[in-house]
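Residues per chain are reported as follows:
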Amino acid sequence: MLWLLFISLVSTLFALCGAAPKVTQISNSLLDSNGIFFVSFDGVVNVNSFQLSGVLTFGNYQFVGWYTSSRAAILARRQLPSGSWSTFQLPHNLSTNDSHNVIALGVSPSDGKIHVALDCHSTQVFYTSSEAGLATSGASWEASRFGTITTTIGNLNVGTVVTYPQFVITPDNLLQFVYRSGISGNGATQLAEYNGGTWSNVGSWASGSGTYTSTNGVQSTARNLYIHGFTYRSGSLQVTGTWREQNSAVMCNSGGLTNHDTVFISSADKGRTWKNSAGSNVGTSGSSPVNVNTAGLIVDSLNADHGLMNQESQDIDSAGQLHAIISYVPGRFGQCVTNYVTDRTNNGRAFHLYRSSNGTWTKVEIPFPLNAVGRSQIVMDSADNIYVVMPFVRIVTASKSSGWTDWTMAFNGTSAGLNAFGEVTVDRARISQGVLSILYQLSSTGTTPSAVHVIDFQLNG
Ligand SMILES: *[C@@H]1O[C@H](CO)[C@@H](O)[C@H](O)[C@H]1NC(C)=O
Ligand SMILES: *[C@@H]1O[C@H](CO)[C@@H](O)[C@H](O)[C@H]1NC(C)=O
Ligand SMILES: *[C@@H]1O[C@H](CO)[C@@H](O)[C@H](O)[C@H]1NC(C)=O
Ligand SMILES: *[C@@H]1O[C@H](CO)[C@@H](O)[C@H](O)[C@H]1NC(C)=O
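Keep in mind the model is a prediction, meaning the values are calculated, not measured. (Residues numbered from 1 in each chain as written. Chains lettered and ligands numbered in written order. Predicted model: local features only at pLDDT ≥ 70, side-chain atom pairs only at ≥ 80, totals over all residues. Heavy atoms only, no water.)

Caption draft 1: Main features of the overall build of the protein chain. On a plain count of helices and strands, the protein chain comes out with 3 helices and 32 strands. Expressed as lengths along the three principal axes of its C-alpha atoms, the size of the protein chain is roughly 70 × 60 × 45 Å. Looking at the protein chain as a whole, 58% of its 461 residues are labelled buried. Long-range contacts, defined here as pairs at least 24 residues apart, represent 57% of the contacts in the protein chain between residues at least 6 apart. Looking at the protein chain as shown, the accessible area adds up to about 16700 Å², and 52% of this sits on carbon and sulfur atoms. Taken together, the 23 basic and 25 acidic charged side chains of the protein chain have centroids lying 1 Å from each other. (Helix = DSSP H or I, 4+ residues; strand = E, 2+ residues; numbered from the N terminus. Buried < 20%, exposed > 50% of the residue type's maximum accessible area, 1.4 Å probe, protein only. Contact = heavy atoms within 4.5 Å. Areas by Shrake-Rupley, 256 points an atom, 1.4 Å probe, with all protein chains shown as cover. Lys, Arg positive; Asp, Glu negative; His and termini not counted. Charge placed at Lys NZ, Arg CZ, Asp CG, Glu CD.)

Right under this line is the structure:
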């Protein structure tokens, strides 16, 4: 009896002091036992960290896009929280075995259309959108409710060198389309906007121009900005990212990654003009994009010798503070990555990097090794607790009340036997409903298809 009392007292105290949040698995559904599988650029095409969105909630419905083993693009829908999945094939097949060529889903709130952009890597993009209202109507789920596949985004010509299509809803319910034009190491980030009828171009907001001089004195004259997200909260748009240099001689060894530094910009006018972390005006989309020589963009400096990952993830808390995950091989393991795959797998660490409202940046190492080359996904609940989905669906959490220091592994996908391929993608829109939905695909070998799943967790439940 006394022992029980003691234990309950201790656990009550622990809860009052704010233990790291828990997650409770509520379901795990099989979407496809034969998802297409091949590894390219260290990833699989159905589950990439940069997908916005591979799995997407809008209102009472959740939507998922993936490629099945016949290469057909599949769209699925279920009514939340636990309706059964309906699927159909879009009239489009994955064109090449390239893990960049993901499916991105978006919804335009003003007319309830579902937008789909897919299958591009420095090529033309493929796009379609649904009839109005399909996002919420619950009408029968079939391909005939979508328009023909085009290589424009509706009426907007986005050129023929497109990568990383992403859809984002603004605070006033417009739908934006973010993408890269140009190529890795020589590209620009671009923004377009849909007003419920037509798409218009906002323009490039980060260009590949300027000169970077590396630690070893080598100059590089072209690059692209890889973004960790394009996130709105309380009216403000915030972006973190890394520069990817074109000249590989900026590295100490050609086996690394030319990514360097973490940069931050924000916009109070939906991506027209940009400020740095100190609040100075630094760019205007279209006419004067930021570049590597723009003053005051770097918030965490790191040279190109540490296997810094691009396109990891970010979120914003209720106070408007940006939280990013970045990952690299810390200096205590050496100052020169010579094989980013093995070095990241053996010694890579993820860091929580966040901006306090006063503009100060704090970086804390997450005390669980990556054990993988791939990226981690950060989401925050309504109480500003953090959940980081590390490769293999390992969910590590930290409470706001601890100042995000009490990192705990709340779910270990490895010991749970999920057998997930490392990287996953998450449903950011569903977090506000208190549920973390994760799209993952099973590990496989060669080109043997494997199962595609959505697993759901109650946050802090
Ligand atoms: C997709 O590939 C299948 C064969 O697997 C073929 O029958 C179908 O016509 C292709 N669809 C398109 C849109 O090319
Ligand atoms: C900024 O805010 C953080 C977090 O509240 C605090 O630790 C830090 O001391 C502040 N810095 C300045 C310069 O006020
Ligand atoms: C997760 O599970 C794996 C496999 O059981 C184990 O090796 C690893 O130590 C676990 N991680 C943690 C942090 O418990
Ligand atoms: C692409 O992947 C498919 C399996 O989905 C495989 O059959 C095919 O051989 C691969 N093509 C190449 C060029 O590797």
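Still to come is the rest of the account.
Caption draft 2: Quick peek at the site of ligand 1. Taken together, Ser70, Pro91, His92 and Asn93 make up the full set of residues near ligand 1. In this structure, an oxygen atom belonging to ligand 1 sits 2.3 Å away from a side-chain N or O atom of Asn93. Contact with the protein chains hides 30% of the accessible area of ligand 1, taken as 360 Å² for the molecule alone. When the residues that make up the shell around ligand 1 are grouped by side-chain class, the tally is 1 nonpolar, 3 polar and no charged. (Near = heavy atom within 4 Å. Polar contact = N/O pair within 3.5 Å; in protein donor to acceptor, adjacent residues only side chain to side chain. Nonpolar A, V, L, I, M, F, W, Y, C, P; charged D, E, K, R; others polar.)

Caption draft 3: Region of the structure containing the sheet that holds strand β22 (residues 313-316). Ordered by their spatial adjacency, 4 strands build an open sheet running β22-β23-β24-β25, and the pairing between neighbours is antiparallel. Looking along the sheet, the strands with just one partner apiece sit at the ends: β22 and β25 (361-365). For this sheet the average axis-to-axis angle between neighbouring strands, irrespective of direction, equals 20 degrees. (Pairing = 2+ DSSP bridges. Axes fitted to C-alpha atoms, helices over the stretch in contact; angles between N-to-C directions.)

Caption draft 4: Empty space enclosed by the protein, seen in detail. With the rule as written, the count across this model stands at 2 cavities of 30 Å³ or more. Roughly 100 Å³ of internal volume is contained in the largest cavity. Around the largest cavity, the lining residues are Phe50, Tyr164, Gln166, Val178, Tyr179, Arg180, Thr189, Leu225, Tyr226, Ile227 and Gln311. Elements with a contribution of two residues or more to the lining of the largest cavity: β9 (162-169), β10 (175-183) and β15 (223-227). For the lining of the largest cavity, the per-class residue count stands at 7 nonpolar, 3 polar and 1 charged. In this structure, the second largest cavity occupies an estimated 40 Å³ of space. In terms of lining, the second largest cavity is formed by Leu225, Val239, Thr240, Gly241, Trp243, Val263, Phe264, Ile265, Val290 and Leu297. Those elements that provide at least two residues to the lining of the second largest cavity are β17 (236-245) and β18 (259-267). (1 Å grid on protein atoms, 1.4 Å probe; cavity = no way out; pocket = protein on both sides within 12 Å on 5 of 7 lines; lining within 4 Å. Points joined across faces, edges and corners; volume = space filled by probe spheres on them.)

Caption draft 5: Highlighting the side chain of Asp305. Tracing the chain through its elements places Asp305 in the loop between β21 (298-300) and β22. The residues touching Asp305, leaving out its near neighbours within four places in the chain, are Val250, Met251, Cys252, Gln335, Cys336 and Val337.

Caption draft 6: Quick look at the side chain of Ser129. With respect to the helices, strands and loops of the structure, Ser129 is situated in strand β8 (residues 126-129). Judged by relative accessible area, Ser129 falls into the buried class, the value being 18%. Excluding anything up to four places from it in sequence, Ser129 contacts Lys113, Ile114, His115, Arg145, Phe146 and Gly147.

Caption draft 7: Fine view of the site of ligand 4. Every residue lining ligand 4 is accounted for by Ile36, Arg71, Asn97 and Thr447. Between Asn97 and ligand 4, the recorded distance is 2.3 Å, taken from a side-chain N or O atom to an oxygen atom.

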